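# Overview (structure and organization)
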Amino acid sequence: MAVAAALGGLGLLRARVRLAAATAATSAALGRTGHRAPPLRGGVAAATLSSTGRSYGSQAKEEEELRVRYLDDEHKGIVVLGLNRSHAKNALSKNLVKMMSKAVDALKSDKKVRTVVLRSEVPGIFCAGADLKERAKMHSSEVSSFVSRARATINELANLPVPTIAAIDGTALGGGLELALACDIRVAASSAKMGLVETKLAIIPGAGMNEVKQELKKAPEAKLSIRGTTRGGTQRLPRTIGVSLAKELIFSARTVDGEEAKSIGLISHVVEQNEAGDAAYRRALALAREFLPQGPVAMRVAKLAINQGMEVDLVTGLAIEEACYAQTIPTKDRMEGLLAFKEKRPPRYKGE
């Protein structure tokens, strides 16, 4: 494999076992980003928003709990995932998680996708978290399976090879905020409310919390082996806003509005809400358009380098960066960028 060869050729990696381990993970991830497969679109509807000024795509199915829209014209390359459970405030049900898992699986191998925007189709709400009414009806054996799938889906969203933007136009609580935290960038309306409020229910943030509870029932002496390879709210929030602030918000179960969220670094942009109730979505689209002209391969490996590098020490991170940079050198896009610069014209990148 070309990726493995590029990584193996780095002197730093040969010198340290820890670098070898890090770059092995990078190689695997690069292999995933380089895989080409037709997108799985079966059962996932392309949709158009209603006449409230939210329309950018093609066909819709009103009954879909998740609407997936591949946008056109100036937005071509942007895909919008729209949460659409108005009767349940977009609470995460088994069906919604299943649809999200299927959609994310399709997106990760679709080379035409350049940026993904996660938003709500329901005015005033982003996602209220877990569907507690559905959860109360589940048998204990179902809970563990559901939570594992929800956790895996959130992590797959976080690991998409293209930039992801959460457009928060309404309330995002518990698992709803965790969905947003799994995105690369968050944009919110000033009126939006956000918080990890699980301690009010005597539990903690994180998709794995119910699995831990089930294990505690089996092992009251607390001799547990809890896997730490995935991250939920207790891990992503401190990585985003810092440890002390994350503890404060989780301990107090306090919610913050868009202005405070911006001041503490929870979101990147805050906007005043408009009459249509989609100001954050429109700002997210504008931001996504800024990403479209850039080289697709460069965008994917840049995200990979940042994500992998943030998990290791600086020396290892620099080796990961070098390995990722090596993947851009033989691309046609790099040559096109140089030629376009020489000819003083916009580049025409193809992701090759």
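Looking now at the sheet that holds strand β6 (residues 171-173). Read from one edge of the open sheet, four strands run β4-β6-β8-β9, paired in mixed fashion. Each edge of the sheet is formed by a strand with only one pairing partner; in this case those strands are β4 (125-127) and β9 (256-257). Across two bridges, β4 lies against β6 in parallel orientation. Bridging across to β6, Cys-127 finds its partner in Ala-172.

So, about helix α13 (residues 296-309). Relative to the 20 Å expected for 14 residues at 1.5 Å per residue, α13 spans 20 Å between its end C-alpha atoms, a close match to the ideal helical length. When we look at burial in α13, the residues that qualify are Pro-296, Arg-300, Val-301, Lys-303, Leu-304, Ala-305 and Gly-309.

Turning our attention to the nonpolar core. In this structure, Leu-66, Ile-168, Leu-179, Met-194, Leu-237 and Leu-266 are the most contacted members of the largest nonpolar core, which totals 52 residues. When residues no more than four places from it in sequence are discounted, the contact partners of Leu-237 are Leu-181, Leu-196, Gly-242, Ala-246, Leu-249, Ile-250 and Leu-266. Grouped together as the second largest cluster of nonpolar side chains are 18 residues, Ile-78, Ala-279, Phe-291 and Leu-292 included.

Taken as a whole and assessed by the stated rule, the structure comprises four cavities of 30 Å³ or more. For the largest cavity, the calculated volume is near 50 Å³. If you trace the largest cavity, you find 10 residues lining it, with Arg-119, Ser-120, Val-122, Asp-169 and Gly-277 closest to the centre. Residue composition of the lining of the largest cavity, by class: four nonpolar, three polar and three charged.

Applying the stated criterion across every chain, the model contains zero aromatic pairs. Just above the ring of Tyr-281 sits the side chain of Arg-119; from NZ or CZ to the centre is 3.9 Å.

Let us now look at the pattern of salt bridges. Pairing is possible between side chains of opposite charge, provided their charged atoms come close. This model, assessed by the stated rule, comprises 13 salt bridges. The residue Glu-121 makes a salt bridge to Arg-69 at a minimum N-O spacing of 2.9 Å. Note that Glu-121 is positioned in the loop between β3 (115-120) and β4 and Arg-69 in strand β1 (residues 66-70), a separation of 52 residues in sequence. Assigned by exposure class, Glu-121 and Arg-69 land together as buried. Several salt bridges converge on common partners, so that one network encompasses Glu-65, Arg-85 and Asp-131.

Take the pairing of β1 next. Note on strand geometry: in a regular strand, side chains alternate between the two faces of the sheet. With five of five residues buried, β1 lies mostly within the body of the structure. Judged by which residues are buried, β1 turns out to be covered on both faces: Leu-66, Val-68 and Tyr-70 on one side and Arg-67 and Arg-69 on the other are all buried. Where β1 lies against strand β2 (residues 78-83), five bridges are found, and the strand directions are antiparallel. Across the sheet, Arg-69 pairs through a bridge with Val-80, a residue of β2.

Moving on: the packing of helix α9 (residues 233-241) against helix α10 (residues 243-252). Two elements in contact, α9 and α10, have axes whose closest approach is 7 Å; the angle formed by their N-to-C orientations is 135°. Classified by the angle their axes make, α9 and α10 are oblique. The element α9 and its partner α10 pack so that their crossing is right-handed. On α10, the residues touching Gly-233, Thr-234, Leu-237, Pro-238 and Ile-241 of α9 are Val-243, Leu-245, Ala-246, Leu-249 and Ile-250. When grouped by side-chain class, the residues that make up the contact of α9 with α10 number eight nonpolar, two polar and no charged.

A word on unusual backbone geometry. The phi dihedral of Asp-73 is positive, around 55°, even though this residue is not glycine. For Asp-73, the position within the fold is in the loop between β1 and β2. Accessibility expressed as a relative area gives 72% for Asp-73, which makes it exposed.

All right, on to the side chain of Asp-278 then. Topologically, Asp-278 is positioned in the loop between β10 (269-271) and α12 (279-291). Looking at Asp-278, its side chain comes within polar contact range of the side chain of Asn-274, at 3.0 Å.

Another point: the packing of helix α4 (residues 94-107) against helix α6 (residues 140-158). The contact between α4 and α6 brings their axes to 9 Å, and the two run at 35°. As for how α4 packs across α6, the hand of that crossing is left-handed. Contacts between α4 and α6 pair Lys-94, Val-97, Lys-98, Met-100, Ser-101 and Val-104 from the former with Glu-142, Phe-146, Arg-149, Ala-150, Thr-153, Glu-156 and Leu-157 from the latter. Residue composition of the contact of α4 with α6, grouped by class: six nonpolar, two polar and five charged.

Rules used in this analysis
Residues numbered from 1 in each chain as written. Predicted model: local features only at pLDDT ≥ 70, side-chain atom pairs only at ≥ 80, totals over all residues. Heavy atoms only, no water. Pairing = 2+ DSSP bridges. Helix = DSSP H or I, 4+ residues; strand = E, 2+ residues; numbered from the N terminus. Expected span 1.5 Å × (residues − 1). Buried < 20%, exposed > 50% of the residue type's maximum accessible area, 1.4 Å probe, protein only. Core = buried A, V, L, I, M, F, W, Y, C linked by side-chain atoms within 4.5 Å. Contact = heavy atoms within 4.5 Å. 1 Å grid on protein atoms, 1.4 Å probe; cavity = no way out; pocket = protein on both sides within 12 Å on 5 of 7 lines; lining within 4 Å. Points joined across faces, edges and corners; volume = space filled by probe spheres on them. Nonpolar A, V, L, I, M, F, W, Y, C, P; charged D, E, K, R; others polar. Phe/Tyr/Trp six-rings, centres within 6.5 Å; stacked < 30°, edge-to-face > 60°. Lys NZ or Arg CZ within 6 Å of the ring centre and 35° of its normal. Salt bridge = Lys/Arg side-chain N within 4 Å of Asp/Glu carboxyl O. Axes fitted to C-alpha atoms, helices over the stretch in contact; angles between N-to-C directions. Parallel < 35°, antiparallel > 145°, perpendicular 65-115°, else oblique. Left-handed = near helix turned anticlockwise from the far one by under 90°. Polar contact = N/O pair within 3.5 Å; in protein donor to acceptor, adjacent residues only side chain to side chain.

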